[in-house]
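An overview of the molecular structure
As a plain string of letters, each chain reads:
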Amino acid sequence: MNLRTILRTAIGFGLIATLLAGCASDPLADQFRAGDNKNYIAGDGTVTEFALGSRPGFEAFAGLTESGQVLDSSAFEGNVIVMNWWYSACAPCRAEAGDLAMLSVEFEDSVQFVGVNVRDTAETALAFDRNFGIEYPSLIDAQSGQVSLAFTGVVSPQAVPTTIVIDRDGKVASRILGRIEASILRTLIQTVVDQ
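Residues numbered from 1 in each chain as written. Predicted model: local features only at pLDDT ≥ 70, side-chain atom pairs only at ≥ 80, totals over all residues. Heavy atoms only, no water.

A tally of regular secondary structure across the protein gives 6 helices and 8 strands. Long-range contacts, defined as pairs at least 24 residues apart, comprise 69% of the intrachain contacts of the protein with a sequence gap of at least 6. Roughly 10700 Å² of accessible area belongs to the protein as shown, and the carbon and sulfur atoms make up 55% of that amount. (Helix = DSSP H or I, 4+ residues; strand = E, 2+ residues; numbered from the N terminus. Contact = heavy atoms within 4.5 Å. Areas by Shrake-Rupley, 256 points an atom, 1.4 Å probe, with all protein chains shown as cover.)

Below, the structure is given as structure tokens:
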């Protein structure tokens, strides 16, 4: 083998290694490909904060809560809102429920918490509320998907749970994909409350 052939081979292997490195693992895609039938793709806890002036908005929506009340997005105007996408069989949703209940009480004078249930019936959602001490309403979005569609580009319907903080101007200030960490969500909420 001459030097030219050796160099070509080395360059070829280097190129292949570079291409394979460029195909780095995507955690959400890996979960989908796993085929473990857990019926959700969990986010990894990634936190995104949107700067003032470049915060995404959302479309108007209305829906029924688990208790049969109509909740319209116009009720959000001028308020800080925390919205959490969840369903009862989602393990990270169950794991974070106590922290969300605690934070909703902690911020009850300054922030409205709202759940968005993407799979359950109203009865199942009410049982979940009782079990975890959730006192804020959840929109039942399983059939229409209207609430999730209103947040297209901000909330991925495959990443449950997802939690967002909405500022008083009706813009999304921050998002957590996956299970919340109470101290991080507290900080995100407080930042918006103080603005």
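Moving on, there is more to tell.
Our focus in this paragraph is the sheet that holds strand 1 (residues 46-49). Ordered by their spatial adjacency, 6 strands build an open sheet running 1-8-7-4-5-6, and the pairing between neighbours is mixed. Each having just a single partner strand, strand 1 and strand 6 (138-140) make up the two edges of the open sheet. Strand-to-strand twist in this sheet, taken as the mean axis angle between neighbours without regard to direction, amounts to 15°. Here strand 4 (residues 80-86) runs beside strand 7 (residues 162-166); their pairing, made up of 5 bridges, is antiparallel. (Pairing = 2+ DSSP bridges. Axes fitted to C-alpha atoms, helices over the stretch in contact; angles between N-to-C directions.)

What follows is about the nonpolar core. In this structure, Leu103, Val111, Phe113, Val165, Leu185 and Ile189 are the most contacted members of the largest nonpolar core, which totals 28 residues. Counting residues per element, the ones that place at least two in this core are strand 4, helix 3 (91-106), strand 5 (111-117), helix 4 (122-132), strand 8 (172-177) and helix 6 (182-193). A total of 6 residues in this core trace back to one element, the largest contributor, which is helix 6. Those residues in contact with Val165 that sit more than four places away from it in its chain are Val80, Ile81, Val82, Lys171, Val172, Ala173, Ser174, Leu185, Leu188, Ile189 and Val192. Val147, Ala150, Phe151 and Val154 belong to the second largest nonpolar core, which has 19 residues in total. (Core = buried A, V, L, I, M, F, W, Y, C linked by side-chain atoms within 4.5 Å. Buried < 20%, exposed > 50% of the residue type's maximum accessible area, 1.4 Å probe, protein only.)

So, on to the state of the cysteines. Counted under the stated rule, the structure contains 1 disulfide. Put simply, Cys90 and Cys93 are joined by a disulfide, and their sulfur atoms are 2.4 Å apart. Residues Cys90 and Cys93 are joined through a disulfide that is right-handed, its torsion about the S-S bond being 75°. In terms of burial, Cys90 and Cys93 fall into one category: buried. (Disulfide = S-S within 2.5 Å.)

Another aspect to go through is the packing of helix 3 against helix 4. Look at helix 3 against helix 4: their axes get within 10 Å of each other, and the N-to-C directions meet at 60°. Considering the angle they form, helix 3 stands oblique to helix 4. For the crossing formed where helix 3 meets helix 4, the hand is right-handed. Of the residues in helix 4, those touching helix 3 at Cys93, Arg94, Ala97 and Ala101 are Phe128, Asn131 and Phe132. Looking at the contact of helix 3 with helix 4 residue by residue, the class counts come to 5 nonpolar, 1 polar and 1 charged. (Parallel < 35°, antiparallel > 145°, perpendicular 65-115°, else oblique. Left-handed = near helix turned anticlockwise from the far one by under 90°. Nonpolar A, V, L, I, M, F, W, Y, C, P; charged D, E, K, R; others polar.)

Attention shifts here to the environment of Cys90. Residue placement: Cys90 occurs in the loop between strand 4 and helix 3. Under the relative-accessibility criterion, Cys90 is labelled buried at 0%. Between the C-alpha atoms of Cys90 and Val160, which are 70 residues apart in sequence, the distance is 7.6 Å.

Coordinates in, geometry out; function isn't part of it.
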